[in-house]
Structures are given as C-alpha cells and as structure tokens.
Amino acid sequence: MTTQLTVTGKRPAATTPPAPRPARRGGPRGHRPWAPWLYLLPALAVLGGLLVYPVYQLGLISFLEYTQAQVSGGEPTSFKGFGNYTTLFADPQFWQVLLATVLFAAACVVTTLAVGCALAVLLTRVRALPRFVLMMAALGAWATPAITGSTVWVFLFDPDFGPVNKLLGLGDFSWTYGRYSAFALVLLEVVWCSFPFVMVTVYAGIKAIPSEVLEAAALDGASQWRIWRSVMAPVLRPILVVVTIQSIIWDFKVFTQIYVMTNGGGIAGQNLVLNVYAYQKAFASSQYSLGSAIGVVMLLILLAVTLVYLRLLRRQGEEL
C-alpha cells in the first residue's frame, strides 16, 4: 500500500469532518409553527368582531332582564339567570313554532337537495347551449335578493292579479290564507333561490369523476338512478355533506320569505318559524332578553345537528 505524501515529503495530517450544525427549532429552514396563524390573524380578527362578539352579547342579554324599560333607562338591568329560558320553555307556542320550524326546514332541505342534484345530473346530459341557459337562469335565481324574490312570488300567486291562479283555474284562491298552502308557497320560493348552490356544487363534483367510470357503469346496464346511487353519490359524499349542512343552516333560520310572504307569520301566527318568532318577541313585544334566548336556542340546535351529522359520517369512515 502506498501512502500519499505532500510536496515537503510529509504525510498530510488527518482531518476531522466538521461537526453537524444543530437543527434549528421549529423545523427545517427556520420554519415557524405559528406562521400560518399569523397569516390567518386578520381573518380571525374580522370573524371575532362579526361573529364571536355578537354571539357573546346575545348570550349575555338572554340572562338579563332587558326590556324597553331597561333600554330607555327607566329601570336598571337585572340578572335573571335562566329565568328567560324557563319562561320560554313553559310557553306552549314556543314548542309549536319549534316543531313547525323543524318540519318546514326538513322539507326545504330535502326538496332543495333533490332538485339541485337532479338538475346537476341534467347539466351533464344536455348540450352546451341548453346547459348555458339553465346555468344562467339558476344563477339569476341565486343572485336575486330574498325580499325581491319573495315579493315577485307573492305577486305570481296573488288571488286577484297573479297569473298562476288564472293558468291553474283556481279563481280567487288565496295561497297565504291557509296554513299549509302558505308554507307550501314559501317552500317553493326557498327552493327556487336555494337549489342553484346545490346544482353548481354537485355539477362541479360530477365533472371531476372520471368519464371512464360512468361509461363502464352504463355499459354494464346500470340505469341513471343506479349510476347516481352506486357510483356518483359515494364519490360526491363529501360535497353532499357540505351542501346538506349549508341547507340545514339556511333553511332553519329562514326569515325574509316567511315575514314577507305571510305578512309577519300568517293569520294568528299560524306560519311562524323560530326566526320570525324571535323577532316578534324582541322587537314587536320589546322583550329583548326573551328574543335573545330564542336566538341562543336556535344556535345550539344548529350546532348540535351539525356535530351529530359529522359524527355519524366519521363513524362510517368518511373523510371530510
């Protein structure tokens, strides 16, 4: 074995490799774990001002004695604890309105999802021009303000001047006089202004499904309903979760359509829902603390429904 010598004839000194530098805290390349929160801070500040603080005030007022006397300064504000909730739960009208709200919201959600999903599938079957027309018509309905759409629908079904009664030969039939016909009319308007969101979202999800999968199912002789139930729906389940939760929230707290189309809740309050009921208690009766208690109950119900729905999906192994 030969040994390499330097110019001076001496063996070079053994060199030791440099010691590795200690890793920086926070991950490679100086990564800071709190950096994402720094970017989210402006949005969190806006949400805190527009969401957290109003919810805090809503909950606070629900525990106080806060009526017109306290607002005008005639009487001091006093702490009632759960007194407003006790009064609310002892009122039979509250339970009637709650039941009507749940049933009405459920009917709106089911109908909206059915219409939106059916039209989304239809968009994948028609040509470009009909697809464009249907999309523009749906987006026009979606962009229409709720108060404008409600006013137009009231005119369309007006017993004296509305064209619907004339086309159906119903004469002077009043859709808003009966309880169930009024709820049906409001349901049609709610579905009309809500289905475009479901349609566009589900259509985008369908377009993401590989066409080979759908063609293979069709070649196997599967009907359109079987393709939807066995192929599309499982793939679109995360999207359906989003649109379902959104629809539940929107339809459960509907206000404008009921207030405008039934003139504040119908005859003798027969078409009241929780949002309109809370408005009447807070502003028509000046019982602001009782109206706030209704708002807190609505918030808790929506949170509970959303959490239970997500929990059931996670038990089935779905990734959201």
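Position numbers for residues count from 1 along each chain, tracking the sequence in the order it is written. This being a predicted model, a pLDDT of at least 70 is required before a residue's local features are given, and a value of 80 or more before pairs of side-chain atoms are given or counted; all residues contribute to the totals for chains, interfaces and linings. To obtain the side-chain values, all non-hydrogen atoms of the structure were used and water was disregarded.

A few words on helix H5 (residues 128-143). Under the 1.5 Å per step criterion, the end-to-end length of H5 is 22 Å for 16 residues, consistent within 8% with the ideal 22 Å. Remark: exposure states derive from per-residue accessible area (1.4 Å probe, protein chains only) relative to the maximum for the residue type, with buried under 20%, exposed over 50%, and partly exposed in between. Elements are defined by DSSP. Helices are runs of H or I of four residues or more, strands are runs of E of two residues or more, and each kind is numbered from the N terminus. Residues of H5 that are buried: Met135, Ala138 and Ala141. Axial view of H5: buried residues confined to an arc of 125°, hence all on one face. Exposed and oriented more than 90 degrees from the buried face of H5 are Ala128, Leu129, Phe132 and Ala143. Working rule for helices: expected span equals 1.5 Å times residues minus one. The directions from the helix axis to the C-beta atoms form the arc being described.

With that out of the way, let us pick up the packing of aromatic side chains. Here a pair means two rings of Phe, Tyr or Trp (six-membered ring of Trp) with centres within 6.5 Å. Their orientation is stacked below 30 degrees between planes, edge-to-face above 60, and tilted elsewhere. Enumeration over the complete set of coordinates arrives at 22 aromatic pairs. Arranged with centres 5.8 Å apart and planes meeting at 50°, the rings of Phe89 and Phe94 form a pair that is tilted. On the basis of an interplanar angle of 55° and a centroid distance of 6.0 Å, the ring pair of Trp153 and Trp192 is categorised as tilted. Residue Trp153 is found in helix H6 (residues 146-156), and its partner Trp192 is found in helix H8 (residues 179-207); the two are separated by 39 residues along the sequence. Exposure remark for Trp153: the relative accessible area of 13% places this residue in the buried category. Given a relative accessible area of 27%, Trp192 falls into the partly exposed group. Chaining the aromatic ring pairs together yields one cluster made of Phe63, Phe79, Phe82, Tyr85, Phe89, Phe94 and Trp95.

With that out of the way, let us pick up the UniProt feature "transmembrane region" (unreviewed entry) in the chain. In the numbering used here, UniProt assigns the feature "transmembrane region" (unreviewed entry) to residues 34-56, 94-123, 132-157, 177-206, 227-249 and 288-310. Secondary structure content for residues 177-206 is 93% helix and 0% strand, and the end C-alpha separation is 42 Å. Counting secondary structure, residues 227-249 comes out at 96% helix and 0% strand; the distance between its end C-alpha atoms is 29 Å. UniProt positions are given in the numbering used here, feature names are shortened, and annotations may be inferred rather than shown by experiment.

The terminal C-alpha atoms of helix H1 (residues 35-62) lie 38 Å apart, and with 28 residues this matches the ideal 40 Å at 1.5 Å per residue to within 8%. Leu41 marks where H1 bends most, by close to 50°; the proline Pro42 follows one to four residues later. Along H1, the residues that are buried comprise Gly59, Ile61 and Ser62. Throughout, bend refers to the angle between the axes fitted to the seven residues that end at a position and the seven residues that start at it.

This brings us to unusual backbone geometry. For residues other than glycine, phi is negative in most cases, and the peptide bonds are mostly trans. Positive phi, close to 60°, is recorded for Asn263, a residue that is not glycine. Overall, the relative accessible area of 72% leaves Asn263 in the exposed class.

Another point: the nonpolar core. Grouped together as the largest cluster of nonpolar side chains are 36 residues, with contacts concentrated most on Leu88, Phe104, Leu274 and Tyr277. Going through the elements one at a time, helix H3 (83-89), helix H4 (92-123), H8, helix H12 (256-261), helix H13 (274-284) and helix H14 (288-315) are the ones with two or more residues in this core. Each domain's extent was defined by an automatic or database domain assignment. Counting contributing residues per domain, this core is built from domain 1 (56-90 + 287-320) and domain 2 (92-285), each supplying no fewer than three. What makes two residues a contact is simply this: any of their non-hydrogen atoms within 4.5 Å. Ignoring sequence-local partners within four residues, the contact set of Leu88 consists of Phe94, Tyr277, Leu290, Ala293, Ile294 and Val297. Buried residues of nine kinds, namely Ala, Val, Leu, Ile, Met, Phe, Trp, Tyr and Cys, make up a nonpolar core once their side-chain atoms join them within 4.5 Å. Grouped together as the second largest cluster of nonpolar side chains are 27 residues, Met135, Phe195, Val202 and Met232 included.

Note on geometry: axes are lines fitted to C-alpha atoms, helical ones only across the stretch in contact, with angles between N-to-C directions running from 0 to 180 degrees. At a closest axis distance of 4 Å, the pairing of helix H10 (residues 224-235) and helix H11 (residues 237-252) adopts a crossing angle of 70°. What the angle tells us is that H10 and H11 run roughly perpendicular. Taking contact as the criterion, the partners of Ala233, Pro234 and Val235 in H10 are, on H11, Arg237, Pro238 and Leu240. When residues are sorted by character, Ala, Val, Leu, Ile, Met, Phe, Trp, Tyr, Cys and Pro go into the nonpolar class, Asp, Glu, Lys and Arg into the charged class, and all the rest, Gly among them, into the polar class. Counted by class, the contact of H10 with H11 contains five nonpolar, no polar and one charged residues. Our angle categories are set so that under 35 degrees counts as roughly parallel, over 145 as roughly antiparallel, 65 to 115 as roughly perpendicular, and the remainder as oblique.

Salt bridge criterion: a side-chain nitrogen from Lys or Arg within 4 Å of a carboxyl oxygen from Asp or Glu. Summed over the entire model, instances satisfying the criterion amount to one salt bridge. Note that Glu65 and Lys80 form a salt bridge whose closest N and O atoms lie 3.3 Å from each other. Taken as a pair, Glu65 in strand E1 (residues 64-65) and Lys80 in the loop between strand E2 (78-79) and H3 lie far apart in primary sequence, 15 residues in all. Residue classification places Glu65 among the partly exposed residues on the basis of a relative accessible area of 22%. Residue class for Lys80 comes out partly exposed when judged on its relative accessible area of 32%.

Between two packed helices, the angle of one axis relative to the other and the distance separating the axes together describe the packing. Two elements in contact, helix H9 (residues 211-219) and H10, have axes whose closest approach is 11 Å; the angle formed by their N-to-C orientations is 145°. Crossing hand, H9 versus H10: right-handed. Residues Val213, Leu214, Ala217 and Ala218 of H9 touch H10, and the partners they reach there are Ile227, Val231 and Met232. For the contact of H9 with H10, a count of residues per class yields seven nonpolar, no polar and no charged. Here a crossing is taken to be left-handed if its near helix is turned anticlockwise relative to the far helix by less than a right angle, and right-handed if that turn runs clockwise.

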